[in-house]
Amino acid sequence: MLRGIDVSAYQSSSYSTEGLSFVFVKATEGRSYVNPRLSAQVKRARDAGCVVGFYHFLWPGNLTAQAEYFLSKAPEKAGDILAVDWETTGEGTHASNAEKDRFIRTLKELRPDNRVVLYANRNFWLNIDTTSYAGDGLWIADYVTAGKPRIKAKWRFHQYTDDPLDKNVADFTTKADLQEWATP
């Protein structure tokens, strides 16, 4: 399995890339927030030769506007991965299953040269999700042993801890395998 992290404005732009094969960077949230460290965090990952992913924290409603906003901030580069972060918002709401599915499909239509994955925690995947639609792959958050999330579904990425930052593994043998998958 490959090692990676995900970062947002809460992390420095000078995070360690030692031993990492991939980095997901928070790009946007809703229709107005952009990560102020986006460019610097992406540059750090690219300079280290990591596969780069961008994620959007999904809010309910205005899905087309959210998709367009996200894609306006996430550079269009073949081999980059796009992710939809589907969880409870700061207001205690969450996008519906239909909204989540439509958002993923919209991203796939607008960016056919990028893989699109769904990020969800174990509770959302097992108790909120009713469609099992995760686009090109599931990125599951379950804070247990790396690579052993407590789900039956096939997953591509596993976030296994948030201490001291969000650490992930990817179910690929080599970085070249990940790069090949990431470029459909």
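Our subject is the structure that appears above.
Residues numbered from 1 in each chain as written. Predicted model: local features only at pLDDT ≥ 70, side-chain atom pairs only at ≥ 80, totals over all residues. Heavy atoms only, no water.

## Examining helix H5 (residues 175-182)
- Listed as buried for H5 are Leu-178, Trp-181 and Ala-182. Buried residues of H5 fall within an arc of 95° about the axis and therefore sit on the same side.
- For H5, the secondary structure elements touched by its buried residues are strand S1 (2-7), strand S2 (22-29), strand S4 (51-57), strand S5 (81-85), strand S6 (115-121) and strand S8 (157-161). (Buried < 20%, exposed > 50% of the residue type's maximum accessible area, 1.4 Å probe, protein only. Helix = DSSP H or I, 4+ residues; strand = E, 2+ residues; numbered from the N terminus. Arc of directions from axis to C-beta. Contact = heavy atoms within 4.5 Å.)

## A few points about unusual backbone geometry
- Omega for the bond connecting Asp-163 with Pro-164 falls within 30 degrees of zero, at 5°, which places this linkage in the cis form.
- Structurally, Pro-164 can be placed in the loop between S8 and strand S9 (166-170).
- The phi dihedral of Asn-62 falls on the positive side, at around 50°, and the residue is not glycine.
- Mapping Asn-62 onto the fold places it in the loop between S4 and helix H2 (63-73).
- A residue is classified by how much of its surface remains accessible, and Asn-62, at 46% relative accessible area, is partly exposed.
- Unusually for a residue other than glycine, Ser-132 sits at a positive phi of about 60°.
- With respect to the helices and strands, Ser-132 occurs in the loop between helix H4 (122-128) and strand S7 (137-141).

By themselves, these observations are geometric and do not establish any function.
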